[in-house]
Amino acid sequence: MLTGHRTWLFDQKPVIVSTGTVGGPFEADGRIPDDFDLLHSDTWLEQDTFEKANKILLEEACQKAIEKGQIQKEQVQFFLGGDLINQITPTSFAMRTIGSPYLGLFGACSTSMEGLALGAFIVNGGGATCLLTGSVSHNSSVEKQFRYPTEYGGQKPPTAQWTVTGAGVALLKNQGIGPRVTSATIGKVVDMGLTDPFNMGGAMAPAAVDTIEAHLKERNVDPTYYDLIVTGDLGNIGRNVSLDMFKKHGLAIEEEKYQDCGLLIYRDDQPVLSGASGSGCSAAVVYGHLLNRMKKGDINRMLVVATGALLSPLTFQQNESIPCIAHAVSIEAGGDLS
Amino acid sequence: MANQKKKKLTPVQQEYKDFQSQRETKRPILKNILKAYLVGGIICIIGQAIQLFYIYFFNFTDQTAGNPTVATLIFIAMLLTGFGVYDRIAQFGGAGTAVPVTGFGNAVISAAIEHRSEGFILGVGGNIFKLAGSVIISGVFAAFIVALVKTILIQWGGL
């Protein structure tokens, strides 16, 4: 099971039998609208607060995954997930509706893969046969939490990123048909001393690089083993910085095979500056777009590296630097372990 | 201050910071200044037009037309904020929209809209000056210091 210091190999290869992805209007206008199960035309989602809308996104994603997985709500043995709001209330509140035993996670934007890694570990070890994992973010409620009011006219620098309004949930089972989770590498907190909350990509890149290099080393494979290595939300800046870091470290990664969820979700002409971010970003893109491409046969093996910036508005105001983390999970169509 | 912060970083962190900043997209400062000049100028022309309007059509003078003009500009800024347009103009205009009084109006109303969901007292009341509060307190304090200096100079300096 444990290979090296922090990589788990899942010999049972838990199966992602179904997924549910939900997005907002800005995502509907983006590059991959067809990969969402449900798109909303209004960011309020007919709720009176954005926090409630945030909760509804996750509820709907869970319901979609349950529906597509052809199971009943009661069959869900555990839920692992989280979001970006204080005390992860949207996720906890959504679990009132789902009603399954629940483990709340916080890994900022890396929550999606933290959940998938832990979920796969539980299923692989026989701790469950059927569980849900996912994460959610809502542009307006997250901006309110971390930055300025949404309508405040502050000019954002070109390094800023756009928080995704969306949720992605995966139904993980010990058997069935679908992409298989084969291994996971748990990230370390990496803090390179950056303090600019409008440049998350630059802050998170070293964490992604650290986790990817550890994963490849501990599994003893080279980057070509994967058809795609995809990071969570590094954006333009973070992707370029990490590519240069790989070059510096002498690791040959092809640029076309190194993608970023934050750059896949929106069109280039949408006003998102450096790209997308948010805990819903990697969840929605991986569980929607990328797994669909895997089903079509485009991708056989991929490594998903969700990156998270573990700051709070308080620590930023107190001039603390931004600690970051990245968790990697490998998903394979055939599920062959080398 | 900047040097102090730099000292705290380990050599590895410092190396990465430099490595990263070489690859970071910089703010296009010259372009931003030009845009701010244009947008700020346009806002001021609109303000001038409103002022003339009050002078010619109502009984205001050069001295008294200022107040209703500022109120009208803030009102327009509030409407644009409420309709979700102001932040888009601001992303383009930068300081051009932040420095005139419209920026102040936007800071107040955007916070009020944002925290409406927490109720009128704790939400709107408690947060309306979240952004503008620091501007007000700095302004009042600066005015106090300037007035103090002026008073001292007049009283003892014999100006």
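Residues numbered from 1 in each chain as written. Chains lettered and ligands numbered in written order. Predicted model: local features only at pLDDT ≥ 70, side-chain atom pairs only at ≥ 80, totals over all residues. Heavy atoms only, no water.

A count of helical and extended segments in chain B gives nine helices and zero strands. Secondary structure elements in chain B, listed N-terminal to C-terminal, are α-α-α-α-α-α-α-α-α. The C-alpha radius of gyration computed for chain B amounts to 22 Å, which surpasses the reference 15 Å derived for 159 residues by more than 25%, pointing to a less compact arrangement than a globule. Principal-axis analysis of the C-alpha atoms gives chain B an extent of 70 × 55 × 40 Å. Of all 159 residues assigned to chain B, the portion counted as buried reaches 30%. A fraction of 45% describes how many contacts in chain B between residues 6 or more apart in sequence connect residues 24 or more apart. (Helix = DSSP H or I, 4+ residues; strand = E, 2+ residues; numbered from the N terminus. Rg over C-alpha atoms; globule rule 2.2 N^0.38 Å. Buried < 20%, exposed > 50% of the residue type's maximum accessible area, 1.4 Å probe, protein only. Contact = heavy atoms within 4.5 Å.)

Further remarks concern the domain arrangement of chain B. Each assigned domain of chain B is listed with its residue range as follows: domain 1 (28-128) and domain 2 (132-159). Taken over C-alpha atoms, the centre of domain 1 of chain B sits 26 Å from the centre of domain 2 of chain B. (Domains from an automatic or database assignment.)

Our focus in this paragraph is empty space enclosed by the protein. Regions of empty space are outlined by a rolling probe, equal in size to a water molecule, passed over the atoms. Residue and element names in this part refer to chain A. For the structure shown, the criterion picks out two cavities of 30 Å³ or more. Estimated volume of the largest cavity: approximately 150 Å³. Lining the largest cavity are 14 residues, with Leu84, Cys109, Arg147, Met200 and Ser277 sitting closest to its centre. Elements with a minimum of two residues in the lining of the largest cavity: helix H5 (139-146) and helix H6 (200-219). Residue composition of the lining of the largest cavity, by class: nine nonpolar, three polar and two charged. A domain-level breakdown of the lining of the largest cavity finds at least three residues from each of domain 1 (2-173) and domain 2 (180-332). Approximately 40 Å³ is the volume attributed to the second largest cavity. Looking at the second largest cavity, the residues that line it are Phe146, Arg147, Pro197, Met200, Leu311, Ser312, Pro313 and Phe316. (1 Å grid on protein atoms, 1.4 Å probe; cavity = no way out; pocket = protein on both sides within 12 Å on 5 of 7 lines; lining within 4 Å. Points joined across faces, edges and corners; volume = space filled by probe spheres on them. Nonpolar A, V, L, I, M, F, W, Y, C, P; charged D, E, K, R; others polar.)

Below, the discussion takes up the interface of chain A and chain B. Many structure descriptions define interface size as the accessible area lost when the parts assemble. At the junction of the two partners, chain A supplies 30 residues and chain B supplies 35 residues. Across the chain A to chain B interface the summed buried area is about 2,900 Å²; carbon plus sulfur atoms make up 56%. Summed over the three residues of chain A that lose the most area to chain B, namely Lys144(A), Glu151(A) and Gln155(A), the buried surface amounts to 25% of that side. One can count three salt bridges joining chain A with chain B. Note that Asp244(A) and Arg23(B) form a salt bridge whose closest N and O atoms lie 2.4 Å from each other. Taken together, chain A and chain B are joined by 14 residue pairs in polar contact (both at pLDDT 80 or more). Those elements that place two or more of their residues in the side of chain A that touches chain B are H5, H6 and helix H7 (235-249) of chain A. No other element matches the five residues that H7(A) contributes to the side of chain A that touches chain B. Taken together, the residues of the side of chain A that touches chain B break down into 13 nonpolar, 11 polar and six charged. (Buried area = accessible area lost by both parts, 1.4 Å probe. Salt bridge = Lys/Arg side-chain N within 4 Å of Asp/Glu carboxyl O. Polar contact = N/O pair within 3.5 Å; in protein donor to acceptor, adjacent residues only side chain to side chain.)

This part takes up helix H7 (residues 101-114) of chain B. Residues and elements named next belong to chain B. A rise of 1.5 Å per residue sets the reference length of H7, with its 14 residues, at 20 Å; its end C-alpha atoms lie 20 Å apart and thus fit the reference within 8%. Buried residues dominate H7, accounting for 10 of its 14 residues. The set of residues buried in H7 consists of Thr102, Gly103, Gly105, Asn106, Ala107, Val108, Ser110, Ala111, Ala112 and Glu114. (Expected span 1.5 Å × (residues − 1).)

This part takes up unusual backbone geometry. All names here are of chain A. A positive phi angle is found at Gln70, which is not glycine, with a value near 50°. Among the secondary structure elements, Gln70 is positioned in the loop between helix H2 (50-68) and strand S5 (78-82). Overall, the relative accessible area of 71% leaves Gln70 in the exposed class. Non-glycine residue Asn220 carries a positive phi angle of around 55°. The residue Asn220 is located in the loop between H6 and strand S11 (228-231) in this model. Classification of Asn220 by relative accessible area gives exposed; the value is 69%.

The next point concerns a nonpolar patch on the surface. All names here are of chain B. A cluster of nonpolar side chains, Phe141, Phe144, Ile145, Leu148, Val149, Ile152, Leu153 and Trp156, forms an exposed patch at the surface whose accessible area comes to about 830 Å². For Ile152, the position within the fold is in helix H9 (residues 132-156). The class for Ile152 is partly exposed, based on a relative accessible area of 41%. (Patch = residues over 30% accessible without salt bridge, like charges linked within 9 Å, V, L, I, M, F, W, Y side chains within 5 Å. Areas by Shrake-Rupley, 256 points an atom, 1.4 Å probe, with all protein chains shown as cover.)

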